[in-house]
Amino acid sequence: MEDGTNFTYMNSLGGDWAADPTQPFLPGGKAQSWSPRVGADEWTWGENVARGVNLGGWLVTEPFIVPSLYEKYVNNSQNITVLDEWTLSLAMSSDLASEMKHHYETFITEQDFAEIAAAGLNWVRIPIGFWAIEAINDEPFLVGTSWTYFLKAIQWARKYGIRIYLDLHALPGSQNGWNHSGKSRDLFGNGVMGIANAQRTLTYLRILVEFISQDQYRDVVPVLGIVNEILWGTIGETSVQSFYYAAYDTIRQSTGIGSGSGPYIAIHEGFQGVSSGFLSGADRLALDQHPLVRTFCHLAGFIEWAIATNRSSKAFGITLGGEFSTAINDCGLWLNGIGPGSSNPECPMWDDWASYNASTIASLQQVTLATMDALQNFFFWTWKIGNSTVLGTSSSPLWHYKLGLQQGWVPSDPRDAVGHCESVLSSSEIFDGSYPVTATGGVRTEDSFIKMIGTVLPAQTSSHVFPPPSLAPSFDGTQMTLLPTYTPTGTVKTLFAPSFTSAPSASVGTGWNNTADTSSAYVPVAGCSYPDSWDAVNTSLPTTPCTG
């Protein structure tokens, strides 16, 4: 590996690795005998099955996943209450760059990718924060360094035959107010800065999609998630759907439409359940669900998931289980947050994973298998949980795929889950692998008035305008004209490419795939003052619009 250490790659499932340091963009490895080789074989939804894990806590930190990183700064000389990556960054102060670089460098390495492939998995979902691109005003995040490590992830994934679902996990203003959005506070798309936060995010999505659509990276990163776990009920259906359509349109304006034109676009269902009517006819739009097993503990619940997933796959298109775990409770150090107001039950029995008996392990494995089978194309949350310096071991074991693999509540071959729910599913609910044609980039011919590829039906586009006609908590009508907005007149940033010591002249791309995409970036209007975009829910509405 880069740090000079060695490991032996052992894959009993027919996988191999492939890499030539002098030609870094050649076809890569094959995760298992049944998974398509990256860069040589096409991934076909409906034939190939995504069995994946999240690399949570790596490029967007979470206290319960990387407790030791937070434990070091819980008590700090500045008396900062550490709750999330924002406050952690403040507490780290002048050590921010060195601390975060060490974390990125050590928490996930090349060996993890090798072990993920050997575990029978062929995808990873990688959460990333907008600060991989930039931070503005007083946002304290370390800018750009996480992107360096995402570039490493692309090369490791290529080498071991793994594909990446890149998820924009943290948006300006926070899309849910939870610590894994960067800051536990305000809500993106909500309050006085709601429109401006959304506009800023649209620019970031363009930047990401232009990079991953380049020939050098597109085969490794075929899916882009536009937002993680948006708080639908608070932000409101109108605003969420307005932003989703704006993001879809922004991305497809950059990439074009049809198979091979940019990545699949994944939208989160906002914990509303999977559905089939949104943006009918959209080009390669995937639906991401994050069901929680803690809401029930009986077979019927898994069957409900399976039926809903099958129905969504038939009517909507690619339907993913972007996050799930084996957890049947809320037990785990800082699982429900850190700091004042967090509710974390004490569960010594569940934290003492080394003492689980065979019956407990067998029962937990049934939970894992049932969920995998119900969700079909799945991503377990998460690959690993770091050790706590206080506990001397890891907590939250039922969220820890690697530990579950070692201890037995996660199967050594995830294909063992296939058919787990079949005995109680009616034959009419089985999904045969045939998605709606535009869901996989094909041409829709059944609509005589539309012959284009992946064209959203006009009734859908007219009902999801951006900016939306109203905004939570209570803005509508003429009030909407008073909300602060950004202007699309700025210079667009591009993301930097990797460099290769053994291939200094390798064509790594410019960071921008479509030279015809010349639209400007959303930036603040010169001469206008803006309220804090992270604390704007209770900010008063301006009395006059600012034109700069």
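Residues numbered from 1 in each chain as written. Predicted model: local features only at pLDDT ≥ 70, side-chain atom pairs only at ≥ 80, totals over all residues. Heavy atoms only, no water.

In the annotation of an unreviewed UniProt entry, the chain is listed under the name glucan 1,3-beta-glucosidase and assigned to Lentinula lateritia. UniProt, in the comment section headed Sequence similarities (unreviewed entry), describes the chain in these words: "Belongs to the glycosyl hydrolase 5 (cellulase A) family." Per UniProt, the comment on the chain under Subcellular location (unreviewed entry) is "Cell membrane". (UniProt positions renumbered as here; feature names shortened; annotations may be inferred.)

Student: Any chance you could explain the nonpolar core here in plain terms?
Tutor: Counting 122 residues, the largest nonpolar core has Trp 58, Phe 113, Phe 150, Ile 164, Ile 226 and Tyr 244 as the members making the most contacts within it. The contact partners of Ile 226, leaving out residues within four places of it in the chain, are Leu 168, Leu 171, Leu 205, Phe 243, Tyr 244, Ala 247, Ile 251, Ile 265, Ala 266 and Ile 267. Counting residues in hydrophobic clusters, the runner-up holds 15 residues, among them Trp 45, Val 223, Leu 320 and Phe 379. (Core = buried A, V, L, I, M, F, W, Y, C linked by side-chain atoms within 4.5 Å. Buried < 20%, exposed > 50% of the residue type's maximum accessible area, 1.4 Å probe, protein only. Contact = heavy atoms within 4.5 Å.)

Student: For this particular structure, what's the right way to read the UniProt feature "domain: Glycoside hydrolase family" (unreviewed entry) in the chain?
Tutor: Under the UniProt annotation, the feature "domain: Glycoside hydrolase family" (unreviewed entry) is placed at residues 100-182. End C-alpha to end C-alpha, residues 100-182 measures 14 Å, and it is 40% helix and 18% strand. (Helix = DSSP H or I, 4+ residues; strand = E, 2+ residues; numbered from the N terminus.)

Student: What should I look at first to understand the side chain of Ser 395 in this one?
Tutor: On the secondary structure map, Ser 395 appears in the loop between β8 (378-380) and α12 (401-407). With relative accessibility at 3%, the residue Ser 395 sits in the buried group. Among the polar contacts listed, one links the side chain of Ser 395 to the backbone nitrogen of Leu 333, at a separation of 2.8 Å. Looking at Ser 395, its side chain comes within polar contact range of the side chain of Asp 351, at 2.7 Å. (Polar contact = N/O pair within 3.5 Å; in protein donor to acceptor, adjacent residues only side chain to side chain.)

Student: What should I look at first to understand the state of the cysteines in this one?
Tutor: A disulfide bridge is the covalent bond that connects two cysteines by way of their sulfur atoms. Evaluation of the coordinates by the stated rule reveals two disulfides. The side chain of Cys 331 participates in a disulfide bridge whose partner is Cys 347; the two sulfur atoms lie 2.1 Å from each other. As the torsion about the S-S bond is roughly -75°, the Cys 331-Cys 347 disulfide counts as left-handed. Of the two residues, Cys 331 sits in the loop between β7 (319-324) and α10 (348-351) while Cys 347 sits in the loop between β7 and α10, which places them 16 residues apart along the sequence. Residues Cys 331 and Cys 347 agree in their burial class; the two are buried. Between the sulfur atoms of Cys 528 and its disulfide mate Cys 546 the distance is 1.9 Å. Residues Cys 528 and Cys 546 are joined by a disulfide whose S-S torsion is about -100°; by sign, that bridge is left-handed. Residue Cys 528 is found in the segment after β12 (521-523), and its partner Cys 546 is found in the segment after β12; the two are separated by 18 residues along the sequence. The connectivity of the disulfide bonds within the chain can be written as 1-2, 3-4, using the sequence rank of each bonded cysteine. (Disulfide = S-S within 2.5 Å.)

Student: Teacher, can you tell me more about the environment of Asp 532 here?
Tutor: The topology assignment puts Asp 532 in the segment after β12. Sequence separation of Asp 532 and Asp 112 is 420 residues, and the distance between their C-alpha atoms is 39 Å. In terms of polar contacts, Asp 532 uses its side chain to reach the backbone amide nitrogen of Trp 534, at 2.9 Å.

Student: Explain the packing of helix α6 (residues 194-212) against helix α8 (residues 237-255) here, please?
Tutor: Describing two packed helices takes the angle between their axes plus the distance from one axis to the other. Packing of α6 against α8 brings their axes to within 9 Å, and their N-to-C directions diverge by 35°. Between α6 and α8 lies a crossing whose hand is right-handed. Judged by residue contacts, Ala 198, Thr 201, Leu 202, Leu 205, Arg 206, Val 209 and Glu 210 of α6 engage Phe 243, Ala 246, Ala 247, Thr 250, Ile 251, Ser 254 and Thr 255 from α8. (Axes fitted to C-alpha atoms, helices over the stretch in contact; angles between N-to-C directions. Left-handed = near helix turned anticlockwise from the far one by under 90°.)

Student: Any chance you could explain the pattern of salt bridges here in plain terms?
Tutor: Side-chain pairs of opposite charge can arise whenever the charged atoms involved come near each other. For the coordinates displayed, the defined rule picks out 16 salt bridges. With a closest N to O distance of 2.7 Å, Glu 139 and Arg 200 form a salt bridge. Of this pair, Glu 139 sits in the loop between β2 (123-129) and α5 (145-160) while Arg 200 sits in helix α6; the two residues are 61 residues apart in sequence, bridging distant segments of the chain. With respect to burial, Glu 139 and Arg 200 carry one shared label: buried. Through salt bridges with shared partners, a single ionic network connects Arg 125, Asp 167, Asp 288 and Glu 323. (Salt bridge = Lys/Arg side-chain N within 4 Å of Asp/Glu carboxyl O.)

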